[in-house]
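# Observations on the model geometry
Next come the chains, spelled out residue by residue.
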Amino acid sequence: METTVSGVSNWKLTVRREAEGVTVLRAVTCDTAAVLPDTLFDLPVTALGGHALASGARETQGEAVTVTGAPRKAEWDNRNLQALTLPRTLLRVGNYAFLNCGRLQTLTLFDNIEMWGGSVFMNCRLLDTFRLTRERVGQGETLAYLNDVLTGELDITVTEADGRTARYLFPDYWESYEENCPAHLFHLEISGAGYPYHHCFTQKKFDPAAYDRLWEGFLRMAHEDKAALRIAWYRLRYPLGLRPEAEAQYLTYLRAHAAEALRWRLAERDAEGLRFLLRRTEPAPALLAEACALARERGNTQAVALLLEAQHRHTPARKTFDL
């Protein structure tokens with residue numbers, strides 16, 4: 001017998017009721033952005049089974065549940081899924097849970113997960129953006145887990161239990177094995193500036209001071225300028241745990257790359273970010289004029305107003321004389 005319930009997104013689920021909650025054995029959506037329900041049958045959704053969201057057809061035995069949400073946007077196949085929100089109540093994720101979700105880019109989750117299976121994100125090659133929420137004081141281990149199993153560039157926003165937000169960019173790195181024949185010895189080679197960033201954890205707890213200490217070494221290595229700009233921007237914009245000496249280093253870099261930062265914020269149409277950037281970097285008049293012209297070209301009137309205001313601050317006051 002199939003059960004139909006209403007929800008935020010469309011799902012065809014196969015589930016199993018257990019003592020502590022519901023295990024989702026199989027979940028298929030037709031939405032490109034989808035939210036898995038927190039509860040089913042008045043029970044918390046506590047686990048994703050092995051291959052639960054793997055793309056492609058898969059027969060699974062269990063109780064069928066259809067969740068109806070917004071109008072359908074695509075075919076029923078998780079290969080079209082681009083953004084996913086996991087249940088707040090989720091405690092366990094099984095092996096290969098997101099296998100071959102090749103278009104998945106953004107994952108929103110809570111720092112309550114206690115057990116991760118093997119190869120959970122295999123072939124999720126576009127997955128690089130995470131929004132992690134903590135509901136209790138003290139860190140869980142999700143941030144460490146993501147940095148351990150994923151070697152690509154990661155853009156992770158963390159919302160703490162007290163509402164404070166931090167955002168970090170973890171640059172990418174690559175691992176390759178070379179075989180030494182005929183001895184059949186394997187040599188591991190690590191390339192890329194991101195390796196130490198993915199491992200600035202102590203007993204699986206993130207250390208923001210250790211993260212910030214990597215900055216000077218990162219700049220001396222071969223790196224992408226866009227990655228450096230985002231590291232500096234995120235730490236200044238969301239300065240949770242940022243010490244004065246690290247703040248000064250990031251600000252020096254941001255001021256030296258104000259032109260790139262202005263173009264980036266204009267492209268994002270981020271008015272509050274632009275206001276912050278203008279206040280912290282105080283760009284030169286010529287740079288402000290260039291940015292203002294770009295904002296006009298893009299029809300961004302709010303940015304134009306902010307840039308004109310900044311230009312006005314650079315304009316010396318005219319002397320007046322009473323006769």
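Residue numbers run consecutively from 1 along every chain, following the written order of its sequence. Per-residue local features are limited, in this predicted model, to residues with pLDDT of at least 70; the limit for side-chain atom pairs, both in listing and counting, is 80 or more; totals at the level of whole chains, interfaces and linings are taken over all residues. Excluding hydrogens and water, the side-chain values take into account all heavy atoms of the structure.

## Describing the overall build of the protein
The line we're drawing: Comment: elements are numbered from the N terminus, with helices defined as DSSP H or I runs of at least four residues and strands as E runs of at least two. Burial here depends on accessible area, computed with a 1.4 Å probe over protein chains only, as a share of the maximum for the residue type. Under 20% is buried, over 50% is exposed, and the range in between is partly exposed. By definition, residues are in contact when any of their heavy atoms lie within 4.5 Å. In this tally, Lys and Arg are treated as positive and Asp and Glu as negative; His is ignored, and so are the chain termini. A charge is said to be at NZ when it belongs to Lys, at CZ for Arg, at CG for Asp and at CD for Glu.
From N to C terminus, the protein includes nine helices and 18 strands. In terms of overall dimensions, the protein has a C-alpha envelope of 95 × 60 × 35 Å along the principal axes. Burial status across the protein gives 45% buried among its 323 residues. Expressed as a percentage of contacts within the protein between residues at least 6 apart in sequence, the contacts between residues at least 24 apart total 60%. For the protein, the separation between the mean place of its 38 positive charges and that of its 41 negative charges on side chains is 5 Å.

## Here we look at the environment of Ala64
Structurally, Ala64 is set in strand β7 (residues 63-68). Under the relative-accessibility criterion, Ala64 is labelled partly exposed at 28%. Along the chain, Ala64 and Glu297 lie 233 residues apart, while their C-alpha atoms are 53 Å from each other. Discounting residues that sit within four places of it in the chain, Ala64 has contacts with Met1, Glu2, Thr3 and Leu13.

## Regarding the packing of aromatic side chains
As a reminder, the rule being used: The rule is short: rings of Phe, Tyr and Trp, with Trp giving its six-membered ring, pair when the centres are within 6.5 Å, and they are stacked under 30 degrees, edge-to-face over 60, tilted in between.
Following the criterion strictly, the structure yields 21 aromatic pairs and no others. An angle of 75 degrees between the planes, with centres 5.6 Å apart, marks the rings of Phe170 and Tyr211 as edge-to-face. Highlighted residues: Phe170 in strand β14 (residues 165-170) and Tyr211 in helix α2 (residues 208-213), separated in sequence by 41 residues. Both residues of the pair, Phe170 and Tyr211, belong to the buried class. For the pair Tyr234 and Trp264, a centre-to-centre distance of 6.4 Å together with 55 degrees between the ring planes defines the contact as tilted. Linking Tyr234 in helix α4 (residues 225-237) with Trp264 in helix α6 (residues 258-268), this pair joins segments that are 30 residues apart in sequence.

## Examining α4
Along an α-helix, residues three or four positions apart point the same way, because every turn accommodates 3.6 residues. Inclusion rule: Every helix has an expected span of 1.5 Å times one less than the residues it contains.
In this model α4 runs 18 Å from its N-terminal to its C-terminal C-alpha over 13 residues, within 8% of the 18 Å that 1.5 Å per residue would give. Counting buried positions along α4 yields 10 of 13 residues, so the element is predominantly enclosed. Within α4 the residues assigned to the buried category are Ala227, Ala228, Leu229, Arg230, Ile231, Ala232, Trp233, Tyr234, Arg235 and Leu236.

## With respect to the packing of α4 against helix α5 (residues 244-256)
Threshold: Interaxial angles span 0 to 180 degrees and are taken between N-to-C directions of axes, which are lines fitted to C-alpha atoms, for helices over the stretch in contact. Between 65 and 115 degrees an angle is taken as roughly perpendicular, under 35 as roughly parallel, over 145 as roughly antiparallel, and anywhere else as oblique. Throughout, a crossing is termed right-handed when the near helix is turned clockwise from the far one, and left-handed when it is turned anticlockwise from it by less than a right angle. Amino acids outside the nonpolar list (Ala, Val, Leu, Ile, Met, Phe, Trp, Tyr, Cys, Pro) and the charged list (Asp, Glu, Lys, Arg) are all regarded as polar, and Gly is one of them.
Viewed as axis vectors pointing N to C, α4 and α5 meet at an angle of 130 degrees, and their least axial separation amounts to 9 Å. Our classification of the angle between α4 and α5 gives oblique. Handedness of the α4/α5 crossing: left-handed. Contact with α4, carried on its side by Asp225, Ala228, Leu229, Ile231, Ala232, Trp233, Arg235 and Leu236, involves Glu247, Tyr250, Leu251, Tyr253 and Leu254 of α5 and no other residues of that element. For the contact of α4 with α5, the class distribution of residues is 10 nonpolar, no polar and three charged.

## Observations concerning the environment of Gly118
Here Gly118 lies in the loop between β11 (115-116) and β12 (129-133). Note: C-alpha distance between Gly118 and Ala97 (21 residues apart in sequence) is 8.7 Å. Discounting residues that sit within four places of it in the chain, Gly118 has contacts with Asn95 and Tyr96.

In short, the description is geometric, and any link to function would need to be established separately.
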